[in-house]
Amino acid sequence: MKNYTKQDIIRMVDENDVQFIRLQFTDVFGTLKNVAISVSQLEKALDNKCMFDGSSIEGFVRIEESDMYLYPDLNTFEILPWRPQHGKVARFMCDVYRPDGVPFEGDSRYILKKVLQKASDMGFTFDVGPECEFFLFHTDDNGQPTIITHEKAGYFDVTPLDLGENARRDIVLTLEKMGFEIEASHHEVAPAQHEIDFKYDNALVTADNIMTFKMAVKTIAKRHGLYATFMPKPISEVDGSGMHINMSLSRDGKNVFFDKKDPMGLSKTCYHFIAGLMKHTRGMTCVCNPIVNSYKRLVPGYEAPVAIAWSSNNRSPLIRIPVARGASTRIEFRSPDPASNPYLVMALCLAAGLDGIENELMPPEPIGKNMYQMTDKQLSSMHVDTLPRTLGEACKAFEEDSFIQEVLGPHVSEKYLEAKKKEWHDYCKIVSQWEIDEYLYKY
């Protein structure tokens, strides 16, 4: 566990010939932003005196209250290995503060910190391991992304079928230089689709790592003449990209989801957590699946969850309990996609689970059947609800869940919902090529 001081940072910057520093932060929609400074401004940054215009960031503040300050998290200091070796570039992840020294309520990192503090007050630590999927496509003559790929590889295929293997290897090596412990990497189900899994950690560290991961993947892919996209479903008729969240709670270093006396090896705390997730998952979907395209992934037949159900080791429901027990007992939440803001996703997952614990909620019986093949009528007969089918439906579910809005706070809830409603309305106004092809000659 890093525990850097200001003096440590100054020493490392000097010893490694760092000349530029990126002060990075994430907006409410999960987009990484930064303010770059030269090394001459380092001490100013370490004293939390670097300012930026918050009114220029969508979802932040109005023009009349625009001044914001970036407070670097010293433990996130990292030298970017793909930048020049002379005059190196480093970065910090930053928290956003108002001029009066109060944390900005629209900072998604702060929202996650608040929920983690609540868990800590209850005696829990929250660890998360993500499964991040992405596509690698060719670019056009102008360097712009396309959805063109020459490969036809599938799950776990290798070279020569897997034409992205070299890029994926370089991504892994780059991430390891940045301190990631990579557990696995492989080709995914769809052509040009890949997955790289890194080791679980505290939720805040993991959320920071996901943002770093996305930046590294895109940067190294570009060096290979490819474009990496975390768009959930860039190609029709193939599986989309998910960002499954594997979660566990610990107390005094012991996994509290495990109970060897239970037939399934799960504790009451684990059952309560599952129930909390299931209670709030429809309201969370607007955040876990934040764009119009997200809902092209959440359809039957493409290995993405649709039914709000859970099971032990059955991969088709929303929530799966992997077979490992003891210290490895965990909950896999399968609906989030990589377009989402990881700070907000983890904050909501934890808050929903804690709500289940506090109110001693119990989930329905687990379902062991293949839910990918079930019709709406079959699900209804089993009293199984489904995830929202569109961003518009997800916005409505968000509005109906006051608990989710309370976790995010009024500022983020209002700004986020306003933007997502506009996105949905803008989409609904567009006549797609599918409509032209399907209807023009008929009518």
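Just above, that's the structure.
Rules used throughout
- Residue numbers run consecutively from 1 along every chain, following the written order of its sequence.
- In keeping with the predicted nature of the model, local features appear solely for residues at pLDDT of at least 70, side-chain atom pairs appear and are counted solely at 80 or more, and the whole-chain, interface and lining totals rest on all residues.
- Think of the side-chain values as coming from all heavy atoms in the structure, minus any hydrogens and water.
- Partly exposed residues are those whose accessible area sits between 20% and 50% of the maximum for their type, while under 20% is buried and over 50% is exposed, using a 1.4 Å probe and protein chains only.
- A run of H or I in DSSP counts as a helix once it spans at least four residues, and a run of E counts as a strand once it spans at least two, with each numbered from the N terminus.
- Each C-beta atom gives one direction from the helix axis, and the arc is the one those directions make.
- Any two residues having at least one pair of non-hydrogen atoms within 4.5 Å are treated as being in contact.
- If DSSP finds at least two bridges between two strands, the strands pair.
- Note on definitions: angles span 0 to 180 degrees between N-to-C directions of axes, and those axes are lines fitted to C-alpha atoms, for helices only across the stretch in contact.
- Without a salt bridge and with relative accessible area above 30%, a residue can belong to a patch; like charges are then joined within 9 Å and nonpolar side chains (Val, Leu, Ile, Met, Phe, Trp, Tyr) within 5 Å.
- Only the protein chains shown count as cover for residues, and the accessible areas themselves come from Shrake-Rupley with a 1.4 Å probe.
- Throughout this description, the term salt bridge denotes a Lys or Arg side-chain nitrogen within 4 Å of a carboxyl oxygen of Asp or Glu.
- What is meant by a nonpolar core is a set of buried Ala, Val, Leu, Ile, Met, Phe, Trp, Tyr and Cys residues, joined one to another through side-chain atoms within 4.5 Å.

Chemist: So what about helix H1 (residues 6-15)? Which residues, and what values?
Modeler: Listed in full, the buried residues belonging to H1 are Ile-9, Met-12 and Val-13. All buried residues of H1 fall inside an arc of 100° around its axis, so they share one side. Seen from the buried face of H1, the exposed residues on the opposite side, beyond 90 degrees, are Gln-7, Asp-14 and Glu-15. Elements in contact with the buried residues of H1: strand E1 (18-26), helix H2 (42-46), strand E4 (67-79) and strand E5 (88-97). Immediately beyond the C-terminal end of H1, within one or two residues, lies Asp-17, with a positive phi of roughly 55°.

Chemist: For the sheet that holds E5, give the residues involved together with the corresponding values.
Modeler: In space, the five strands of this open sheet follow the order E2-E1-E5-E4-E3, with mixed pairing throughout. Every interior strand has two partners, whereas the edge strands, strand E2 (32-38) and strand E3 (50-53), have only one. Each neighbouring strand pair of the sheet contributes to a mean axis angle of 40°, computed without reference to strand direction. Helix H3 (residues 108-121) rests against E1, E4 and E5 of the sheet, and its axis sits at about 65° to E5.

Chemist: Could you give an account of a nonpolar patch on the surface, naming the residues involved and the relevant values?
Modeler: On the surface, a cluster of nonpolar side chains totalling about 290 Å² of accessible area is made up of Val-431, Ile-436 and Leu-440. On the secondary structure map, Val-431 appears in the loop between helix H11 (402-429) and helix H12 (433-439).

Chemist: Describe the pattern of salt bridges, naming the residues involved and giving the relevant values.
Modeler: Using the criterion set out here, one finds 22 salt bridges in the structure. The partner of Lys-113 in a salt bridge is Asp-95, with the nearest N and O atoms 2.8 Å apart. Separated by 18 residues along the polypeptide, Lys-113 in helix H3 and Asp-95 in strand E5 bring together distant segments of the chain. Take Lys-113: its relative accessible area is 32%, and that puts it in the partly exposed class. Where Glu-393 meets Arg-282, a salt bridge forms, and the shortest distance between an N and an O atom there is 3.2 Å. With a gap of 111 residues between them, Glu-393 in helix H10 (residues 391-400) and Arg-282 in helix H6 (residues 268-288) connect regions that are remote in the sequence. What emerges from the salt-bridge pattern is a single network uniting Asp-73, Asp-95, Arg-109, Lys-113 and Asp-208.

Chemist: Quick rundown of the nonpolar core? Include the residues and the values.
Modeler: Phe-213, Met-247, Phe-273, Leu-277, Ile-319, Ile-331 and Phe-333 are the most contacted members of the largest nonpolar core, which totals 93 residues. Those residues in contact with Phe-273 that lie beyond four places of it in its chain are Phe-126, Met-247, Leu-249, Phe-257, Ile-331, Cys-349, Leu-350, Gly-353, Leu-354 and Ile-357. Ile-9, Ala-45, Leu-46 and Leu-74 belong to the second-largest nonpolar core, a separate cluster that totals 22 residues.

Chemist: Give a description of the environment of Asp-141 that names residues and reports values.
Modeler: Mapped onto the elements of the fold, Asp-141 is located in the loop between strand E6 (125-138) and helix H4 (165-177). On the basis of relative accessibility, which here comes to 85%, the residue Asp-141 falls in the exposed class. For Asp-141 and Glu-303, which are 162 residues apart along the polypeptide, the C-alpha to C-alpha distance reads 34 Å.

Chemist: Any chance you could break down the pairing of strand E8 (residues 193-198) for me, citing the residues and the numbers?
Modeler: Buried residues dominate E8, accounting for six of its six residues. Alternating positions in E8 separate into two faces, Gln-193, Glu-195 and Asp-197 on one and His-194, Ile-196 and Phe-198 on the other, with burial throughout. Sheet topology note: the E6/E8 ladder contains five bridges and is antiparallel. Residue pairing in the sheet places Glu-131 in a bridge with Asp-197 of E8. Looking at chain direction, strand E7 (residues 182-187) and E8 are connected through five bridges and run antiparallel. For His-187, the partnering residue across the bridge sits in E8 and is His-194. What sits between the antiparallel neighbours E7 and E8 is a turn of five residues, in which Ala-192 has the positive phi angle 75°.

Chemist: Could you give an account of unusual backbone geometry, with specific residues and numbers?
Modeler: Residue Asn-48 is not a glycine yet carries a positive backbone phi of 60°. Within the element layout of this structure, Asn-48 appears in the loop between H2 and E3. A relative accessible area of 25% places Asn-48 in the partly exposed class. The backbone of Glu-237 sits at a positive phi, close to 65°, despite the residue not being glycine. Within the secondary structure layout, Glu-237 lies in the loop between strand E10 (226-229) and strand E11 (243-251).

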